[in-house]
Amino acid sequence: MATCASGCAPAVRLCQRLNRLKTLDDDMMATSLKRCLSTLDLTLLGVGGMVGSGLYVLTGTVAKDMVGPAIIISFLFAGIASLLAAFCYAEFGARIPKTGSAYMFTYVSVGEIWAFLIGWNVILENMIGGAAVARAWSGYLDSIFNHAIQNFTETHIMQWNVPFLAHYPDLLAAGILIVASCFISFGVQVSSYLNHIFSTISMGVIAFILVFGFVLAEPANWSQKEGGFAPFGLSGIMAGSATCFYAFVGFDVIASSGEEAKNPQKAIPIATAISLGLAATAYILVSTVLTLMVPWHTLDPNSALADAFFRRGYSWAGVIVAIGSICAMNTVLLCNLFSLPRIVYAMADDGLFFSIFARVNPITKVPVNGILVFGVLMATMALIFDLEALVQFLSIGTLLAYTFVAASIIVLRFQPDKTSSKGTNSTSPNPNAEPSPAASESQTITEDSGELKEYESFSDKLQLVERQKTRERRGVGQLKARWEPYLGKLLGDSEPGEVVAFCVLALMVSSTSLCAVVEFHNKLQLPLWSFVMLLVIFSLAYVLSMALIWAHEPQTNRKTFQVPLVPLVPGASILINIFLMLKLSLLTWIRFTIWIAIGLLVYFGYGIWHSKEGLRELQPKDMAARYVVLPSGSLVETVQSVQPDGQVDSSVRHVNPSTTPTTEEYPGKR
């Protein structure tokens, strides 16, 4: 047994290194970036990230090919599904006002390697997204001039016929990305001002489309003569909802800007809610106007809005629509170039990515190296790759990030805060948590369940606990008192939050299995009885996992925004995100696998050796101890590791008074 234990020790240590959590500073408002963004700035960033080319292209494509006039219901369902993910981002953005978005949220709750892989995929998603928008911007402008730019490039510069590559180098798309990168490197305020200008023009054009469009509306276009309101039925509405969901991708730019917000605890939740509401309203109303102006089956998928006004005899309105479309694409472009370098900066600042990207310009207060390097890489992709080849690789990284953020919400909600002494780093993601006083001070600590009184006696380290017997509340992450008689014997010996973490894993596995059965049962040609049986088994596993999570005590004393109805809201978000991931093409999954493999090479070749959390673990620590006497007579030993700079980390052990004081029970057992 000893040989087995010694042989497994390296593997155990490796797992601990891979799953270590990020330590947060007590003062999470401290930053090397510039906090200057208001709630309005964040709101317009969110609107700019969501209301882009999708409003002018996606609406016509989905309405004609998938849904018909019922596209407004598809957008409504997609908006609700996006709201579930947005709630999770809003809570984390308020609790952890640091740049990095999903990467940072995963790092403080799930583990290091998972955070790196999330960040690694979000990097590629932003690069592809920015390059695709630049190609769309170039193509839209080229179409206004009757493809003169494309013809000139193919005739006088060069062209090629290579799979996955464009037929000609798109110099205009690459040029707009280089110019935008230069503007963003001037500072966050310059980026915000540009976004204000383009967003204002875009929203003005949308208002024009709505007012003028409703004047030209003909209710007969929804009649049975034209195919009815929902010609493709419920299945078409649901398929359209899955496509429309991607129109709302982009609100995470608000959470990415948390380290540059003036008051992130209030601004991030408010900006997320308002921007998502405005985007959903714009998509629903524009879809309504579009399908009322002309019959849905006659729409032009490439330029539905401009074509609709042209066919109604108002060709001049098409010019206004074109201006709005270009401005909307500019805002999406700015948001991609804005958030991508900040995610890279967060990973580099933690030591998981190359340190050159962690440098912040002392004048502009932005990570200029990341902006310029990844701006050039994005421009290169836009220069040579075809738009369709870029778009088919989108979404999987974003959906994976949504899934991990939702899972992290559940884990942290049922995990007790790990508070430490004054001046110490803490893994508690609560920006409003007050540091506990030094161990040498005599004090009275008031808790939810009673009072903890300290007395300078019994070796100068005794505390006598007086707890109110009425309304006693269990600790965070422990079983609720009402379920103790039923589940106490089975789960009572677990660490606080341990059962919840296991249930979250079971929740993700059951969600994946359930969605796989629903999505692939026709391809697998399962008999009806086996299909129903698998459906019931995985559904019960999903519901049971949710019920066990709900049976534990959550955190309730937060001063910042919290997701309502946990674990229901994040659990539903996990299910929706996994379902949409399984609907992606095989080629997208192959790309995802290759990119993950490259990421693992980067992590094991550089990140794991330069991780700041790993370097912190190597620091020497001295030990000190103090004791607490509980009413039951048990003795609590609080072990404090004193670091060289005077910081103190605490852990708790219980001592059985019936034995000698040196006989200790399992650490952390309450």
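Parameters at a glance
- Residues numbered from 1 in each chain as written.
- Predicted model: local features only at pLDDT ≥ 70, side-chain atom pairs only at ≥ 80, totals over all residues.
- Heavy atoms only, no water.
- Salt bridge = Lys/Arg side-chain N within 4 Å of Asp/Glu carboxyl O.
- Helix = DSSP H or I, 4+ residues; strand = E, 2+ residues; numbered from the N terminus.
- Buried < 20%, exposed > 50% of the residue type's maximum accessible area, 1.4 Å probe, protein only.
- Axes fitted to C-alpha atoms, helices over the stretch in contact; angles between N-to-C directions.
- Parallel < 35°, antiparallel > 145°, perpendicular 65-115°, else oblique.
- Contact = heavy atoms within 4.5 Å.
- Nonpolar A, V, L, I, M, F, W, Y, C, P; charged D, E, K, R; others polar.
- Phe/Tyr/Trp six-rings, centres within 6.5 Å; stacked < 30°, edge-to-face > 60°.
- Lys NZ or Arg CZ within 6 Å of the ring centre and 35° of its normal.

Overview of the pattern of salt bridges
Alright, step 1. In total, this model carries 12 salt bridges according to the counting rule given.
Alright, step 2. The shortest N-O distance in the salt bridge between Asp170 and Arg135 comes to 3.5 Å. With a gap of 35 residues between them, Asp170 in the loop between α7 (148–156) and α8 (171–184) and Arg135 in helix α6 (residues 112–144) connect regions that are remote in the sequence.
Alright, step 3. Residue classification places Asp170 among the buried residues on the basis of a relative accessible area of 3%.
Alright, step 4. In this structure, the salt-bridge partner of Glu613 is Arg616, at a minimum N-O distance of 2.7 Å.

Here we look at the packing of helix α4 (residues 71–95) against helix α12 (residues 264–293)
Alright, step 1. Taken N-terminus to C-terminus, the directions of α4 and α12 make an angle of 170°; their axes are 10 Å apart at the nearest point. With respect to each other, α4 and α12 are oriented roughly antiparallel. Residues Ile71, Ile72, Phe75, Leu76, Gly79, Ser82, Leu83, Ala86, Ala90, Gly93 and Ala94 of α4 lie in contact with α12, whose contacting residues are Pro264, Gln265, Ile268, Pro269, Thr272, Leu276, Tyr283, Ile284, Ser287, Thr288 and Thr291.
Alright, step 2. Taken together, the residues that form the contact of α4 with α12 break down as 14 nonpolar, 8 polar and no charged.

A word on the packing of aromatic side chains
Alright, step 1. Counted under the stated rule, the structure contains 35 aromatic pairs.
Alright, step 2. A ring pair is formed by Phe208 and Phe309, whose centres lie 6.2 Å apart and whose planes are at 25°; its orientation type is stacked. One end of the pair, Phe208, is in helix α9 (residues 188–215); the other, Phe309, is in helix α13 (residues 304–311), with 101 residues separating them in the sequence.
Alright, step 3. Residue class for Phe208 comes out partly exposed when judged on its relative accessible area of 22%.
Alright, step 4. We classify Phe309 as buried; its relative accessible area is 0%.
Alright, step 5. Feature note: the residues Phe116, Trp120, Phe353, Phe354, Phe357, Phe374, Trp595, Tyr603, Phe604 and Tyr606 constitute an aromatic cluster, connected by ring pairs.
Alright, step 6. One cation-aromatic arrangement involves Arg135 over Tyr168; the distance from NZ or CZ to the ring centre is 6.0 Å.
Alright, step 7. Above the face of the Trp550 ring, Lys480 is positioned so that its terminal group lies 4.4 Å from the ring centre.

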